[in-house]
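# Secondary and tertiary structure notes
Now for the letters of each chain:
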Amino acid sequence: IKFKLPYFNDTGSRHTYIFIMPSSSRFNIVLIFNLIIHGLHATVVTLDQLSQFSTCIGNTLSSKLYSPSNPGNGYNSYEWLRSSVNNRIQSYPVAVLLIPSTNYVSLAVQCANTNGIQPVIRSGGHSYAGLSSASGKLLIDLSYCNAVTSIFNDPVSGKQKATFEAGIRLGKLYTDLWNGGQWSFNAGECAWVGAGGHLTGGGQGMQSRLYGLAIDQITAMDVVLADGSQVTADANTRADLFWALRGAGSGSFGVVVRFTVNVFQMPQNSMFQINFQQSTRMFGLWQSFFVTLPRELSAYMHLESNNFYINGHFLGPMASLRTLLAPVLADAAVTSSVFQSCSALGARSFVQGDLSCSQAAAFMGATSPVNPAAKSQTKAKSDFVARAVSEAALQTLVGTVAAGPFWMGSHLLGGEASAVPADATAYPGRAAWFCLDYGTWGSYQPGQPAYEGMNAIQAALAPFASGLKYYNYLDVDFAAAAYFGPNMNRLMAVKAKYDPANFFNGVLSVPLPPPSTDPSSGPSPRPTTLSPSLSPSSGPSLRSSSRPSSLAPSLPPSASPSAGPSSGPPSGLPSLSPSSASPSPPPSSRPSLRPSRPPSAGPPRPPPA
């Protein structure tokens with residue numbers, strides 16, 4: 001008996017076929033999910049396999065196993081947990097296993113492997129492409145593995161460190177570190193995002209220009225491999241795995257269950273938000289002025305409908321921040337501004353839209369398996385930009401975004417984030433001035449305005465982008481090579497060593513090397529469909545002088561910038577010098593992958609690297 005159910009992939013509707021077939025005097029339900037992404041791919045799991053898996057994991061874990069035959073209720077239910085926060089992409093895993101403790105991850109992986117069930121791993125579920133769930137696979141959810149387990153001084157390095165579990169949400173991580181001694185860690189701004197996927201994908205954050213990306217602060221990871229064994233990867237032990245897990249680690253090599261990272265304290269946190277009435281002018285200032293500012297200042301730019309703003313975090317005195325931003329504040333395109341001195345934890349609330357820097361924001365302690373307020377329908381893409389976008393391209397970009405329903409965000413790179421050698425980690429964006437992510441809401445199908453608008457934005461950016469994409473903003477329109485670039489061969493070699501049976505196998509995971517290819521032979525060629533790489537010499541150097549051991553009481557207006565366009569601002573945008581003179585929210589009702597804010601505040605955004 002065959003039933004046909006709707007299944008929506010990233011470009012439109014497909015169908016899920018459920019077959020009920022007799023087998024040895026009882027019925028077996030075989031779920032065949034047609035995942036048409038790169039050709040026809042079918043995953044088949046029988047009731048016998050699922051039953052044997054349930055027996056293998058034991059009573060404690062099997063009570064946390066949700067499936068169509070054991071649906072659960074509320075947020076702990078198959079229906080709620082089966083998909084990611086992106087409701088446009090519906091997934092039907094054979095079951096969802098909520099792991100109550102990291103001690104059980106090895107058992108779950110070993111039992112899945114023994115019974116021929118491939119897993120997909122989720123720490124937060126905020127994959128733009130919905131890849132934190134998958135039809136026909138076992139979804140292993142780490143949301144309840146969310147503790148900061150220790151904060152300690154490392155006697156070898158002399159640095160303060162923290163260890164935490166991979167399922168912790170960033171908001172809870174920041175809150176727990178603050179409560180444990182007012183410590184901080186640089187990662188993304190969106191409080192509901194899970195640490196596991198975010199950190200292994202790169203982890204751009206609001207202090208990346210001074211402290212580096214999240215992956216630059218990781219000193220060790222505990223990883224469960226395909227055979228269920230748990231190992232540690234760091235710079236000295238399994239260094240190849242440690243390298244791969246920093247930038248391309250999500251869903252390719254194993255399950256990261258625990259991170260050890262460097263932490264630091266931020267005594268001075270001067271926050272700002274500048275609202276604009278004209279998005280073309282704002283973007284022009286972004287790429288001609290903000291990229292030249294010292295590494296102590298990080299910022300994020302947001303465009304959506306009539307909501308245009310730049311906000312950011314300066315690790316220094318408020319007077320110095322106002323001096324640095326005086327040329328922008330005097331610009332005619334500025335409508336209003338907000339400046340606020342905050343604690344390190346209050347700064348997290350500021351960039352989420354709470355411009356009062358409240359430390360008591362409820363979302364900072366986020367622990368639910370999937371954010372009840374965040375499910376929405378969206379389609380998103382990303383680009384690394386390494387030179388100024390032309391005036392003509394800007395008109396296309398901002399005109400399309402302003403017409404809606406689109407949004408665009410950008411995070412400053414440079415400073416310490418770009419000082420790390422390009423081959424030191426698997427993250428591909430070191431040479432970029434900034435990272436752009438852009439998307440649309442609701443339906444997205446060929447011929448629709450949203451589809452054509454996204455293509456227009458992508459085409460306008462192509463001549464100025466590197467052709468590489470940010471792994472934390474996955475989009476199945478691009479193959480894995482777009483996310484791994486020149487690191488692909490090296491990553492495939494690591495994959496072949498640690499997961500030779502391709503047990504951890506997702507739509508955009510690192511593939512095994514082709515049988516005829518020697519993965520040690522050097523970097524794979526760039527796909528011809530990608531935009532040509534931009535040489536670092538085509539724009540300003542982002543590798544500013546060595547990080548200061550302490551911040552001066554103030555940064556003089558003549559402070560040397562960490563980056564700046566070598567050829568000056570685009571045509572029509574006057575040069576601005578940081579020495580010029582002077583000047584002075586509840587989430588939207590629309591659910592969003594990133595909570596949006598009212599026009600006066602502007603929606604929150606991803607981390608600026």
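Residues numbered from 1 in each chain as written. Predicted model: local features only at pLDDT ≥ 70, side-chain atom pairs only at ≥ 80, totals over all residues. Heavy atoms only, no water.

With that out of the way, let us pick up the overall build of the protein chain. Helices and strands together make up the secondary structure of the protein chain, namely 16 helices and 22 strands. Accessible surface, the protein chain: about 21400 Å² in total, of which carbon and sulfur atoms supply 55%. (Helix = DSSP H or I, 4+ residues; strand = E, 2+ residues; numbered from the N terminus. Areas by Shrake-Rupley, 256 points an atom, 1.4 Å probe, with all protein chains shown as cover.)

In this structure, Asn472 sits in the loop between helix 14 (449-461) and helix 15 (481-484). A polar side-chain atom of Asn472 sits 3.0 Å from the main-chain carbonyl oxygen of His198. Among the polar contacts made by the side chain of Asn472, one reaches the side chain of Tyr470 at a distance of 3.0 Å. (Polar contact = N/O pair within 3.5 Å; in protein donor to acceptor, adjacent residues only side chain to side chain.)

Throughout the structure, instances matching the rule amount to 15 salt bridges. Here Asp499 ties to Lys495 by a salt bridge, and the two come within 2.8 Å at their closest N and O atoms. For the pair shown, Asp499 and Lys495 are each scored as buried. Look at the salt bridges and you will find they share partners, linking Lys379, Lys381, Asp475 and Asp477 into a network. (Salt bridge = Lys/Arg side-chain N within 4 Å of Asp/Glu carboxyl O. Buried < 20%, exposed > 50% of the residue type's maximum accessible area, 1.4 Å probe, protein only.)

On to the packing of helix 4 (residues 170-179) against helix 11 (residues 344-351), then. Two numbers describe a pair of packed helices, the interaxial angle and the distance between the axes. Where helix 4 meets helix 11, the axes come as close as 9 Å, and the angle between the chain directions of the two elements is 160°. For the element pair helix 4 / helix 11, the angle class is roughly antiparallel. Taken as a pair, helix 4 and helix 11 cross one another with a handedness that is left-handed. Seen from helix 4, the contacting residues are Tyr174, Thr175 and Trp178; seen from helix 11, they are Ala344, Leu345 and Arg348. Tallied by class, residues from the contact of helix 4 with helix 11 come to four nonpolar, one polar and one charged. (Axes fitted to C-alpha atoms, helices over the stretch in contact; angles between N-to-C directions. Parallel < 35°, antiparallel > 145°, perpendicular 65-115°, else oblique. Left-handed = near helix turned anticlockwise from the far one by under 90°. Contact = heavy atoms within 4.5 Å. Nonpolar A, V, L, I, M, F, W, Y, C, P; charged D, E, K, R; others polar.)

Before going further, it helps to spend a moment on the environment of Thr102. Here Thr102 lies in the loop between strand 8 (95-98) and helix 3 (105-114). Using a relative accessible area of 6% as the deciding quantity, one classes Thr102 as buried. Counting along the chain gives 64 residues from Thr102 to Ala166, while the straight-line C-alpha distance between them is 8.8 Å. Setting aside residues no more than four positions away along its own chain, Thr102 makes contact with Cys145, Glu165, Val257 and Arg258. Separated by 2.9 Å, the side chains of Thr102 and Arg258 make a polar contact.

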